[in-house]
Amino acid sequence: MSGSIRSGKPALLARWLWLVVAIIVTVVAVGGITRLTESGLSITEWKPVTGVLPPLNDAQWQAEFDAYKQIPQYTQINGPAGMTMDEYKFIYFWEWFHRFLVRTGLGLAFVLPLGWFWARGAIPAGFKLRLLGLLGLGLLQGMVGWWMVKSGLTGDADVKVSHFRLATHLLLALFTLTYATWSALDMQALARGKAPARFTRFGLIALAALFLQLLLGALVAGLRAGHVANDWPLMMGRYFPDGVDWSQGPMHAVLYDPFLLHFLHRWWAWGVVAVLIVLARRVRQQCRPASIAIHSAFGLQIILGIATVMSGVELWLAVLHQLVGALVVIATAWGAHALGRRP
């Protein structure tokens, strides 16, 4: 085995990891479409292998539709509305495509190359456990996704999935995205003969502030709380909205009340902006592209967030809002990584 193979091929692995990052961003965007089209409950079984293929004939389609007819989303909403087979096929497609991307996209793009790099001895020292951790996060994400879907299938459930499980599913995906981005950046640094970056206190503060905003956004999405107001900066003509239910205490309101969660999500965003501006300024000298990426990403995200609210949660705007949210995660991880570079 050659010396170049023994020492690893960090430049090649960095390109591979950026491909993985791109696929995760695509999965997050398609997940947004799945949620916004109410497609997530259309497939009522988890078949990790055989589920790769959609129904191939009328009998199989009818069997899937009959299974869907047993869940609350159909019996309480889509059934009374007169859902047709073609309408069911539409929502089935988005859930199937979301799962397909995870199984085949990430499966083929991550598992097979990882095995090849491992067998060839191309993984640099110290990175094997990190890449196994990334694999573990991907497997965990699949299980959490099914755990989320199950919350909307039972007879005594609401017509939607648990907003806590949805938040767990989305945040785990964005954490995996952060992990993959940081690993790709470390591989690039290694290819240039530099050591991996370290976590700094302010870098962690920036990521924590952002993830709190992402948590609020996920809870807003799970509760359909984006629909409670379509004006900005006021909510229904007031700075603080009417309708917040405090009867079960403030903590219950923070976790369950759509008016309060919408309010917190739209205003904590400005706290995150302030933190990201400081992060961008701190890394401007050593990595100007990261600084520009941070400003560009959060600026576009704020515009899309406001536009989404004022449009009454128009589908394409809401999907772009979720997509750019993933780009904000990448930009923030890039800035935090630049802040932690060793001389």
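It should be emphasised that the depicted structure is a prediction, and the values quoted were computed from it without experimental measurement.

Colleague: Can you help me understand the nonpolar core in this one?
Modeller: Residues Trp16, Tyr68, Tyr88, Leu174, Leu177 and Leu279 are the most contacted members of the largest nonpolar core, which totals 82 residues. Top element by residues in this core is helix 8 (residues 201-222). It accounts for eleven residues. If sequence neighbours within four positions are ignored, Tyr68 has contacts with Leu41, Ser42, Thr44, Gln73, Tyr74, Asn78, Met83, Tyr88 and Ile91. Among the nonpolar cores identified, the runner-up in size contains eight residues, and Ile23, Ile33, Ala109 and Val319 belong to it.

Colleague: When you look at the side chain of His169 in this model, what are you seeing that I'm missing?
Modeller: Relative to the helices and strands, His169 resides in helix 7 (residues 163-191). Since its relative accessible area comes to 15%, His169 is described here as buried. With residues up to four places along the chain from it excluded, the contact list for His169 reads His98, Gln141, Val144, Gly145 and Met148.

Colleague: Explain the packing of helix 5 (residues 85-119) against helix 6 (residues 128-150) here, please?
Modeller: When two helices pack together, you describe them by how their axes are tilted relative to each other and by the distance separating the axes. Between helix 5 and helix 6, whose axes approach to 11 Å, the crossing angle comes to 160°. As far as their axial angle goes, helix 6 and helix 5 are roughly antiparallel. Between helix 5 and helix 6 lies a crossing of left-handed hand. Contacts between helix 5 and helix 6 involve Glu95, Arg99, Phe110, Val111, Leu114 and Trp118 on the former and, on the latter, Lys128, Leu131, Leu132, Leu134, Leu135, Trp146 and Val149. For the contact of helix 5 with helix 6, the per-class residue count stands at ten nonpolar, no polar and three charged.

Colleague: Honestly, the packing of aromatic side chains in this entry has me stumped. Any pointers?
Modeller: Think of a pair of aromatic rings as described by two things: how far the centres are apart, and how the planes are tilted against each other in angle. With the rule as written, the count across this model stands at 23 aromatic pairs. An angle of 20° between the planes, with centres 4.3 Å apart, marks the rings of Trp182 and Phe199 as stacked. On the criterion of sequence distance, the pair formed by Trp182 in helix 7 and Phe199 in the loop between helix 7 and helix 8 is long-range, its members being 17 residues apart. Here Phe240 and Phe263 contribute two aromatic rings whose centre-to-centre distance is 4.8 Å and whose plane-to-plane angle is 70°, an arrangement assigned as edge-to-face. Placement of Phe240 in the loop between helix 8 and helix 9 (250-256) and of Phe263 in helix 10 (residues 258-282) is noted, with a sequence separation of 23 residues between them. Overall, Phe240 belongs to the partly exposed group, its relative accessible area being 31%.

Colleague: Explain helix 10 here, please?
Modeller: An α-helical turn contains 3.6 residues, so a residue and the one three or four places further along point in the same direction. With 25 residues, helix 10 ought to run about 36 Å at 1.5 Å a step, and its terminal C-alpha atoms sit 36 Å apart, in line with that. Two to three positions downstream of the cap, the backbone nitrogen of Phe259 sits 3.0 Å from a side-chain oxygen, assigning the N-cap of helix 10 to Asp257.

Colleague: When you look at the packing of helix 7 against helix 12 (residues 315-339) in this model, what are you seeing that I'm missing?
Modeller: At a minimum axis separation of 9 Å, helix 7 and helix 12 run at an interaxial angle of 40°. In this view, helix 7 runs oblique relative to helix 12, as classed from their interaxial angle. Classified by chirality, the crossing of helix 12 by helix 7 is right-handed. For the pair helix 7 and helix 12, the contacting residues are Leu170, Leu174, Leu177, Thr178, Thr181, Trp182, Leu185 and Asp186 in the first and Gln322, Ala326, Val329, Ile330, Ala333, Trp334, Ala336 and His337 in the second.

Colleague: Could you clarify how one ought to interpret the pattern of salt bridges in this entry?
Modeller: Pairs may arise between side chains of opposite charge once their charged atoms sit close together. One pass over the full model with this rule turns up five salt bridges. Note that Glu45 is salt-bridged to Lys47, the shortest N-O span being 3.4 Å. Overall, Lys47 belongs to the partly exposed group, its relative accessible area being 33%.

Cut-offs applied
- Residues numbered from 1 in each chain as written.
- Predicted model: local features only at pLDDT ≥ 70, side-chain atom pairs only at ≥ 80, totals over all residues.
- Heavy atoms only, no water.
- Core = buried A, V, L, I, M, F, W, Y, C linked by side-chain atoms within 4.5 Å.
- Buried < 20%, exposed > 50% of the residue type's maximum accessible area, 1.4 Å probe, protein only.
- Helix = DSSP H or I, 4+ residues; strand = E, 2+ residues; numbered from the N terminus.
- Contact = heavy atoms within 4.5 Å.
- Axes fitted to C-alpha atoms, helices over the stretch in contact; angles between N-to-C directions.
- Parallel < 35°, antiparallel > 145°, perpendicular 65-115°, else oblique.
- Left-handed = near helix turned anticlockwise from the far one by under 90°.
- Nonpolar A, V, L, I, M, F, W, Y, C, P; charged D, E, K, R; others polar.
- Phe/Tyr/Trp six-rings, centres within 6.5 Å; stacked < 30°, edge-to-face > 60°.
- Expected span 1.5 Å × (residues − 1).
- Polar contact = N/O pair within 3.5 Å; in protein donor to acceptor, adjacent residues only side chain to side chain.
- Salt bridge = Lys/Arg side-chain N within 4 Å of Asp/Glu carboxyl O.

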